[in-house]
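Results of the structural survey
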Amino acid sequence: MENQRESRKKRRVILFPLPLQGHINPMLQLAHILYDKGLSITVIHTNFNSPNSSNYPHFHFCSIPDGLLELGASTSDVVALIKHLNVNCVVPFRDCLDKLLSNVEEKESIACLITDAACHFTHAVADSLNLPRIVLRTSGIASFLAFAATSLLHEKGYFPIEDFGSDAPMPEFPLLRVKDIPLIDTHDAENFYQFLISVMSHTKSSSGLIWNSFQELEQDALKTLERDFRIPMFTIGPFHKYFPASSSSLLSQDTSSISWLDKQAPKSILYVSFGSIVAINETEFLEIAWGLAGSGVPFLWVVRPGLVRGYEWLESLPKGFLEKLDGRAHIVKWAPQQEVLAHPATGGFWTHNGWNSTLESICEGIPMICQPCFGDQKVNARYVSHIWRVGLHLENQLERGEIERIIRRVMLEAEGQEMRGRVMHLRKKVDVSLRQGGSSYQSLESLISFLESF
Ligand code: UDP
């Protein structure tokens, strides 16, 4: 490793993540992978949701003022947040980059900028400074194609759609149904479509595109994309499998999750988490709670502060709810998710199907209950339940009886065993792709050569 560092120490890459948990994690994992391959790392980040630099002593961090909090931006409307970011960060980002470019140590030169696809403003900035820009897309390839199709449908005047709940095939993307179109709740729908158009065009004109995915998982989608996007593509994922679990968590991870799992029988626990952004109402929360309790299956539940709209944390749970379950349940605010999924006691994952959660589940061979809420989660859920067939989709309104039944199907019945077999098969493919000669391994080698060519 040190030899690789020696030979490559002249090259530095500058990374700029979108400041949301599901985007910060893969960007910092990518930084870690590139660092291990001998590149030097600088991370430019916003003050909003800034990463904990002390966890990464080998990287250089520069923060830029973003003014996002002052504008009232929050994760309850991510489309508005990203819009503000793409406007507010232009000047501070440019100044920061300019400074870095003029201060490069003698022997070290900056190879390129790697930015999240959502930070499309960085394209013009990089161009103005003659710096190549590579894009990291933190979602799956299929959902990216679905976003591209959505933006095309908008241009053709297809929206607003009368029946967003329709089972009819999605025009431009018949693998999905109209109800799977990856829309995002926002106060300003037009802004969402404009955002998609910008992301697509600034990704198409970038110098290259990196995916936290692997070829064997999304082969067909990758082929389609390569036809449309004639830029170098690197499928080097799953990123988090390159090294032991690292922490770029914005919330602190409750390790009691692991000590509790240690006391449970193999494959007996359902892990429940809806990621860092999804919010639900009180009625949904209570249906979930009663459904979990009624299923008879022991569970580890992440109730993030803010998950239930209008409540700090667990106040709306009926008094004595946990006590009545008599040790069959453990609730935490935030868990070390990768370790939870890798734990022998974990047997299923009730997830919102964020891309990181979906990949992390596949990598540990854990079947899923899919409850997508918005955006790419809907596409991921469709792939998990109907294309890879490693999970069941909880589609209807949240209702305790239905929840109990789906939990038993995944955790206790033959159907669940079959899904486990299929997801274990995918897990093996992950291992092969990362091994010497495997697809992700080779793609990473190509990426490193590519970065060194600048
Ligand atoms: N995560 C975690 N602890 C939790 C819940 C989630 O560390 O209790 C991590 C999870 O491992 C994943 C990320 O947060 O890497 C969530 O990303 P994802 O794309 O699944 O969903 P998002 O939060 O973007 O909706």
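First, a word on scope: everything that follows refers to the structure included in this document. No experiment lies behind these values; they were computed from the predicted model shown. (Residues numbered from 1 in each chain as written. Predicted model: local features only at pLDDT ≥ 70, side-chain atom pairs only at ≥ 80, totals over all residues. Heavy atoms only, no water.)

**Some words on the packing of helix H6 (residues 141-155) against helix H8 (residues 219-228)**
In contact at an axis separation of 8 Å, H6 and H8 are set at 45° when each is read in the N-to-C sense. On the basis of the axis angle, H6 is oblique to H8. For the crossing formed where H6 meets H8, the hand is left-handed. Packed against H6, whose contacting residues are Ile141, Ala142, Phe144 and Leu145, the element H8 presents Ala221, Leu222, Thr224 and Leu225 at the interface. Counted by class, the contact of H6 with H8 contains 7 nonpolar, 1 polar and no charged residues. (Axes fitted to C-alpha atoms, helices over the stretch in contact; angles between N-to-C directions. Helix = DSSP H or I, 4+ residues; strand = E, 2+ residues; numbered from the N terminus. Parallel < 35°, antiparallel > 145°, perpendicular 65-115°, else oblique. Left-handed = near helix turned anticlockwise from the far one by under 90°. Contact = heavy atoms within 4.5 Å. Nonpolar A, V, L, I, M, F, W, Y, C, P; charged D, E, K, R; others polar.)

**A few points about the pairing of strand S2 (residues 40-46)**
With 7 of 7 residues buried, S2 lies mostly within the body of the structure. Across the two faces of S2 the burial is the same, with Ser40, Thr42, Ile44 and Thr46 and Ile41, Val43 and His45 all buried. You can see the chain leave strand S1 (residues 11-16), run along helix H2 (residues 21-36) and come back into S2, and the turn it takes is right-handed. Sheet topology note: the S2/strand S3 (residues 60-64) ladder contains 5 bridges and is parallel. Counted as the bridge partner of Thr46 is Ile64 from S3. (Buried < 20%, exposed > 50% of the residue type's maximum accessible area, 1.4 Å probe, protein only. Right-handed = clockwise from strand over helix to strand, strands pointing away. Pairing = 2+ DSSP bridges.)

**Overview of the pattern of salt bridges**
This model, assessed by the stated rule, comprises 14 salt bridges. The salt bridge involving Asp167 is made with Lys179; its shortest N-O contact spans 3.0 Å. Taken together, the positions of Asp167 in the loop between H6 and strand S6 (169-170) and Lys179 in the loop between strand S7 (173-177) and helix H7 (189-204) put the pair 12 residues apart, joining distant regions of the chain. Of the residues examined, Asp167 reaches a relative accessible area of 52% and is grouped as exposed. Lys179 sits in the partly exposed class, given a relative accessible area of 23%. (Salt bridge = Lys/Arg side-chain N within 4 Å of Asp/Glu carboxyl O.)

**Regarding empty space enclosed by the protein**
One pass over the structure, following the stated rule, counts 2 cavities of 30 Å³ or more. Its boundaries defined by the atoms lining it, the largest cavity holds a volume of some 40 Å³. Around the largest cavity, the lining residues are Pro17, Leu18, Pro19, Ile24, His45, Thr46, Phe48, Asn49, Ser50 and Pro51. Residue composition of the lining of the largest cavity, grouped by class: 6 nonpolar, 4 polar and no charged. The computed volume of the second largest cavity comes to approximately 30 Å³. Surrounding the second largest cavity, Gln29, Asn212, His240, Asn356, Leu359 and Glu360 form its lining. The element contributing the most residues to the lining of the second largest cavity is helix H13 (residues 355-363), with 3 residues. Its residues assigned to classes, the lining of the second largest cavity comprises 1 nonpolar, 4 polar and 1 charged. (1 Å grid on protein atoms, 1.4 Å probe; cavity = no way out; pocket = protein on both sides within 12 Å on 5 of 7 lines; lining within 4 Å. Points joined across faces, edges and corners; volume = space filled by probe spheres on them.)

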